[in-house]
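Observations on the model geometry
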Amino acid sequence: TGAATRPLMPVGSVQDMNARIEFEDRRAVLEEFRGRLGGEWVRVAGEISLASDLQPVFDFTIQGSNLPLTRQPGLIIRGDVDLAVRGGDDETPAITGELTMRESVVITELRAMAPVAVATPERRPPFFSVNQEPFSEWVIDIDIRGDRFLSVRAPGFRGRLSATFNLRGTLFEPQAIGEVRVDGGGIRFPFATMRINQGTITLSQDNPYRPQLFITASTRLFGYDLNMELSGPADDPMLEFTSHPPLSSEAILLMITAGELPLGELQFTGQQKATKLALYIAQNLFLEFGGDDDATERLTIRSGENISEQGRETFYLEYMFWPRVGVVGEYDRFDAFNAGLKWKFFSR
């Protein structure tokens, strides 16, 4: 009773451990074990015995809810654990079961998580590796599921992710086969925020260490409907912009990053450009260092969707007090100020 471990990276220490173990001949039965991991209870049950050749034979189950699976600067992953650990009797030890992901957060530059061309196992998906023998040769077969569990707040991107993976292979060289789905979010540029319409990150059996991207996003800016497509491998993606009315990719990129409009439709002064850039940087810092993710999801600000009849940027603001009720205000393309109450009857 009252035992604890040293910190176990990357999950931390197990505290308040209480156990009851029954020994009989070469067999030990773990009748009861529980301890606190990250403030949540983890429970273990099972038994271990010694065969005639003194090799251990074991069969354990590990269960817990909302356990911290990874706690690192800028990365907190939590989930429900239901695993079985079995081995011995000339059988390679194996870890099988399910992980159901819970509310988690990433606050870091996403390019830091992109795999490089030549990488050690811990530097490529799924970004961990156990090299201590004999555990390095243990087999894993774990199903991982999570619905909108991961909140990503990174410079230039904010959104929610879902995941479906099968973690297989060995602890030394694990493979995560499946996909991550982007369930809403936006890509921020200094002069525009593009809403993500579709997004997947796929790891296939044929190429398990090189994520393949397919992300589409769109917005309306200065009277143009802009579209973006990001596709290809994560370490060498292809970025393409299109618009209606048609513009070249270079013109669109200048529009969203530098505020340069084609045909001189609207010109920003140097001070206005500096103000927009400072606001863009401030928003990134706010999200990275303590921004309330729930509050930012409730607030929508869009500027410059159109140019008014007097040659000014339009402006739209929305704040949802509850999931379906909120207030809106705008300066429209007819140079009129409007305000009202918004009530959502359904969400797509």
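Since this is a predicted model, take the numbers as computed values, not measurements.

Glancing now at the sheet that holds strand S16 (residues 313–322). Here 4 strands make up an open sheet; going across it, the order is S15-S16-S17-S18 and the pairing antiparallel. Both outer strands of the open sheet, strand S15 (299–307) and strand S18 (337–343), are each paired with one neighbouring strand and no more. Between one strand axis and the next, the sheet turns through 15 degrees on average, direction left out of account. In this structure, S15 lies alongside S16, joined through 6 bridges in antiparallel fashion. Residue pairing for S16: isoleucine 301 is matched across the bridge by leucine 317.

Glancing now at helix H1 (residues 249–258). Turning to H1, its buried residues number three or more, namely Ile252, Met255 and Ile256. Looking straight down H1, one finds its buried side chains confined to an arc of 85 degrees; they lie on one side. Turning to H1, the residues buried within the fold contact strand S10 (174–189), strand S11 (192–203), strand S12 (212–221), strand S13 (224–233) and strand S14 (238–244). A positive phi of about 70 degrees marks glycine 259, the residue just after H1.

Now for the confidence of the model for the protein. On average, residues of the protein carry a pLDDT of 83, and 85% of them reach 70 or more. The secondary-structure element of the protein with the lowest mean pLDDT is helix H2 (residues 270–288), recorded at 54, while strand S6 (residues 91–101) shows the highest, at 95.

This brings us to the nonpolar core. Ranked by internal contacts, the top residues of the largest apolar core, which has 58 residues, are Ile95, Leu226 and Met228. Here the element with the most residues in this core is strand S8 (residues 139–154); it accounts for 7 residues. The residues contacting methionine 228, other than those within four sequence positions of it, are Ile187, Phe189, Met194, Ile215, Thr216, Ala217, Leu239, Glu240 and Phe241.

All told, the structure shown has 11 salt bridges when counted by the stated rule. Two residues, aspartate 80 and arginine 102, come together in a salt bridge whose shortest N-O distance is 2.8 Å. Taken as a pair, aspartate 80 in strand S5 (residues 75–88) and arginine 102 in the loop between S6 and strand S7 (104–106) lie far apart in primary sequence, 22 residues in all. Judged by relative accessible area, aspartate 80 falls into the partly exposed class, the value being 21%. On the basis of relative accessible area, arginine 102 is assigned to the partly exposed category, the value being 33%. Aspartate 225 is paired through a salt bridge with arginine 220; the nearest N and O atoms lie 3.0 Å apart. Overall, aspartate 225 belongs to the partly exposed group, its relative accessible area being 33%. Relative accessible area serves as the criterion here: at 30%, arginine 220 is assigned to the partly exposed category.

A cluster of acidic residues, Asp53, Asp89, Asp90 and Glu91, forms a negative patch at the surface. Tracing the sequence through the fold places aspartate 89 in the loop between S5 and S6.

As a further point, take the pairing of strand S2 (residues 27–37). Pairing of strand S1 (residues 14–24) with S2, which is carried by 9 bridges, proceeds in the antiparallel orientation. Note on S2: the bridge partner recorded for phenylalanine 23 is alanine 28. Hairpin geometry of S1 and S2 is characterised by an intervening segment of 2 residues between the two adjacent antiparallel strands and by a positive phi of about 55 degrees at aspartate 25. As paired elements, S2 and strand S3 (residues 40–50) share 8 bridges and run antiparallel to each other. Across the sheet, residue glycine 35 finds its bridge partner in S3, namely valine 42. Between the end of S2 and the start of S3, which pair antiparallel, lie 2 residues, with glycine 38 showing a positive phi angle near 60 degrees.

On to the packing of aromatic side chains. Scanning all chains against the criterion turns up 7 aromatic pairs. On the basis of an interplanar angle of 25 degrees and a centroid distance of 5.6 Å, the ring pair of phenylalanine 58 and tryptophan 138 is categorised as stacked. Placement of the pair is phenylalanine 58 in strand S4 (residues 56–72) and tryptophan 138 in the loop between S7 and S8, with a sequence separation of 80 residues. Judged by relative accessible area, which is 12%, phenylalanine 58 ranks as buried. Ring geometry for tyrosine 331 against phenylalanine 337: centres 4.8 Å apart, planes inclined by 45 degrees, an arrangement best described as tilted. Since its relative accessible area comes to 68%, phenylalanine 337 is described here as exposed.

Thresholds applied
- Residues numbered from 1 in each chain as written.
- Predicted model: local features only at pLDDT ≥ 70, side-chain atom pairs only at ≥ 80, totals over all residues.
- Heavy atoms only, no water.
- Pairing = 2+ DSSP bridges.
- Helix = DSSP H or I, 4+ residues; strand = E, 2+ residues; numbered from the N terminus.
- Axes fitted to C-alpha atoms, helices over the stretch in contact; angles between N-to-C directions.
- Buried < 20%, exposed > 50% of the residue type's maximum accessible area, 1.4 Å probe, protein only.
- Arc of directions from axis to C-beta.
- Contact = heavy atoms within 4.5 Å.
- pLDDT = per-residue confidence, 0-100.
- Core = buried A, V, L, I, M, F, W, Y, C linked by side-chain atoms within 4.5 Å.
- Salt bridge = Lys/Arg side-chain N within 4 Å of Asp/Glu carboxyl O.
- Patch = residues over 30% accessible without salt bridge, like charges linked within 9 Å, V, L, I, M, F, W, Y side chains within 5 Å.
- Areas by Shrake-Rupley, 256 points an atom, 1.4 Å probe, with all protein chains shown as cover.
- Lys, Arg positive; Asp, Glu negative; His and termini not counted.
- Charge placed at Lys NZ, Arg CZ, Asp CG, Glu CD.
- Phe/Tyr/Trp six-rings, centres within 6.5 Å; stacked < 30°, edge-to-face > 60°.

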